Amino acid sequence: MRVPAIVLASTNRHKYEEFANFFETLEPFVSNGVKLFCMEETVRRIGEIEENGISYQENALLKAQAWADVADRPALADDS
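Residues numbered from 1 in each chain as written. Predicted model: local features only at pLDDT ≥ 70, side-chain atom pairs only at ≥ 80, totals over all residues. Heavy atoms only, no water.

Enquirer: Just to check I follow, could you spell out the packing of aromatic side chains for this structure?
Expert: We describe a pair of aromatic rings using the distance from one ring centre to the other and the angle between the two ring planes. Counted under the stated rule, the structure contains one aromatic pair. The interplanar angle of 70° and the centroid separation of 5.8 Å between the aromatic rings of F22 and F23 together place this pair among those described as edge-to-face. (Phe/Tyr/Trp six-rings, centres within 6.5 Å; stacked < 30°, edge-to-face > 60°.)

Enquirer: When you look at the environment of F23 in this model, what are you seeing that I'm missing?
Expert: Here F23 is to be found in helix α1 (residues 13-23). With a relative accessible area of 14%, F23 lands in the buried category. In this structure the C-alpha to C-alpha distance between F23 and L36, which are 13 residues apart in sequence, comes to 7.7 Å. For F23, the residues in contact, after removing those within four places along its chain, are F29, V30, L36 and L76. (Helix = DSSP H or I, 4+ residues; strand = E, 2+ residues; numbered from the N terminus. Buried < 20%, exposed > 50% of the residue type's maximum accessible area, 1.4 Å probe, protein only. Contact = heavy atoms within 4.5 Å.)

Enquirer: What should I look at first to understand the pattern of salt bridges in this one?
Expert: For side chains bearing opposite charge, pairing can occur when the charged atoms are close. Under the criterion given, the structure shown has three salt bridges. Salt bridges sharing partners connect three or more residues here, namely E51, K63 and D79. (Salt bridge = Lys/Arg side-chain N within 4 Å of Asp/Glu carboxyl O.)

Enquirer: Please explain the nonpolar core as it appears in this structure.
Expert: Across soluble globular proteins, you tend to see nonpolar side chains buried next to one another. Formed by V7, A9, I49, A60, A64, A66, W67, A71 and A77, the largest nonpolar core amounts to nine residues. For this core, the leading source of residues is helix α4 (residues 56-71), giving five residues. Core analysis: the second largest hydrophobic core is formed by seven residues, L8, Y16, L36 and C38 among them. (Core = buried A, V, L, I, M, F, W, Y, C linked by side-chain atoms within 4.5 Å.)

Enquirer: Can you walk me through unusual backbone geometry in this structure?
Expert: Leaving glycine aside, a negative phi is the common case for residues, and trans is the common case for peptide bonds. One non-glycine residue with positive phi stands out, namely D72, at about 60°. The residue D72 is located in the loop between α4 and β3 (75-76) in this model. Owing to a relative accessible area of 53%, D72 belongs among the exposed residues under this scheme.

Enquirer: It is not clear to me how the side chain of N59 should be interpreted in this structure. Could you clarify?
Expert: Following the sequence through the fold, N59 ends up in helix α4. Not counting residues within four places of it along the chain, the set of residues in contact with N59 comprises E51, N52, G53 and D79.

Enquirer: How should I be thinking about α1 in this particular structure?
Expert: Note: α-helices contain 3.6 residues per turn, so residues at a spacing of three or four share the same orientation. All of the buried residues along α1 are K15, Y16, A20 and F23. Axial view of α1: buried residues confined to an arc of 130°, hence all on one face. Each element contacted by the buried residues of α1 is listed here: β1 (5-8), α2 (27-31), β2 (35-37) and β3. Structurally, the start of α1 carries an N-cap: the backbone nitrogen of H14 is 2.9 Å from a side-chain oxygen of N12. (Arc of directions from axis to C-beta. Polar contact = N/O pair within 3.5 Å; in protein donor to acceptor, adjacent residues only side chain to side chain.)

Okay, here's the thing in structure tokens:
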């Protein structure tokens, strides 16, 4: 059985640590064993993602979808 996981669509290690620390405080994630992964090898398979959205939200969605497609897991992204 695969570990329940969310991929962080970022190669920024500091951002990963911030998100991981935050998720560790959320009871539904802790009790269900959900883990946050930063899959650096994924970015090599994706290449540069064109952030052509008209808002931070649209760009974050573009990144999350691209990473989710490659990783075959849900993904979380931000754009700021």
